[in-house]
Every structure is written in C-alpha cells, then in structure tokens.
Amino acid sequence: MTLEPGDILATGTPAGVGVGFTPKRFLAVGDVVRIEIDGIGHIENTVVAEA
C-alpha cells in the first residue's frame with residue numbers, strides 16, 4: 001500500500017480489549033508506546049497519569 005501525504009493511520013484496539021486477557025492487561029504509568037514507520041519516523045508517548 002502506498003501512503004500519500006495527508007493519509008491518516010489509525011491504530012489501536014477497541015475499549016475493553018485488555019479485559020479479555022488472563023491476567024488482564026492495561027497500560028500503566030511509565031509504560032511507553034512507540035509507533036514507527038521505516039523511512040518516515042516514529043512517535044513515542046509515555047503514560048504519565050491514570051485516567
């Protein structure tokens with residue numbers, strides 16, 4: 001697939017997916033989420049507070 005300027009990449013899962021794991025899995029303070037596309041770059045976010 002070719003990405004064009006202005007294309008939007010939507011990632012993630014629906015709310016509640018972590019509940020389906022045994023044991024349950026959720027992001028926690030200090031976890032780092034990094035998304036990278038070769039040749040384009042990356043974005044990295046650290047979870048800093050609970051909702």
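Please refer to the structure higher up on the page.
Rules of the game
- Residues numbered from 1 in each chain as written.
- Predicted model: local features only at pLDDT ≥ 70, side-chain atom pairs only at ≥ 80, totals over all residues.
- Heavy atoms only, no water.
- Helix = DSSP H or I, 4+ residues; strand = E, 2+ residues; numbered from the N terminus.
- Rg over C-alpha atoms; globule rule 2.2 N^0.38 Å.
- Contact = heavy atoms within 4.5 Å.
- Areas by Shrake-Rupley, 256 points an atom, 1.4 Å probe, with all protein chains shown as cover.
- Phe/Tyr/Trp six-rings, centres within 6.5 Å; stacked < 30°, edge-to-face > 60°.
- Lys NZ or Arg CZ within 6 Å of the ring centre and 35° of its normal.
- Salt bridge = Lys/Arg side-chain N within 4 Å of Asp/Glu carboxyl O.
- Buried < 20%, exposed > 50% of the residue type's maximum accessible area, 1.4 Å probe, protein only.

1. Quick word on the overall build of the protein
In step 1: If you tally the helices and strands in the protein, you get zero helices and two strands.
In step 2: A globule of 51 residues ought to have a C-alpha radius of gyration of about 10 Å, yet the protein, at 14 Å, is considerably larger.
In step 3: The principal-axis extents of the C-alpha atoms in the protein amount to approximately 40 × 20 × 20 Å.
In step 4: Summarising the internal contacts of the protein: among those between residues at least 6 apart in sequence, 6% fall at separations of at least 24.
In step 5: Accessible area of the protein: about 4,900 Å², with a carbon and sulfur share of 57%.

2. A closer look at unusual backbone geometry
In step 1: Cis geometry marks the peptide bond from threonine 22 to proline 23; its omega dihedral reads 0 degrees.
In step 2: Secondary-structure assignment places proline 23 in the segment before strand E1 (32-37).

3. Some words on the packing of aromatic side chains
In step 1: This structure, assessed with the given rule, holds zero aromatic pairs.
In step 2: If you follow arginine 25 out to its NZ or CZ, it ends over the ring of phenylalanine 21, 4.7 Å from the centre.

4. Focus on the pattern of salt bridges
In step 1: Applying the stated criterion to the full structure yields two salt bridges.
In step 2: Linking arginine 34 and glutamate 44 is a salt bridge whose minimum nitrogen-to-oxygen distance equals 3.2 Å. In this pair, arginine 34 is assigned in strand E1 and glutamate 44 in strand E2 (residues 41-46), connecting sequence segments 10 residues apart.
In step 3: Take arginine 34: its relative accessible area is 40%, and that puts it in the partly exposed class.
In step 4: For glutamate 44, a relative accessible area of 43% gives the class partly exposed.

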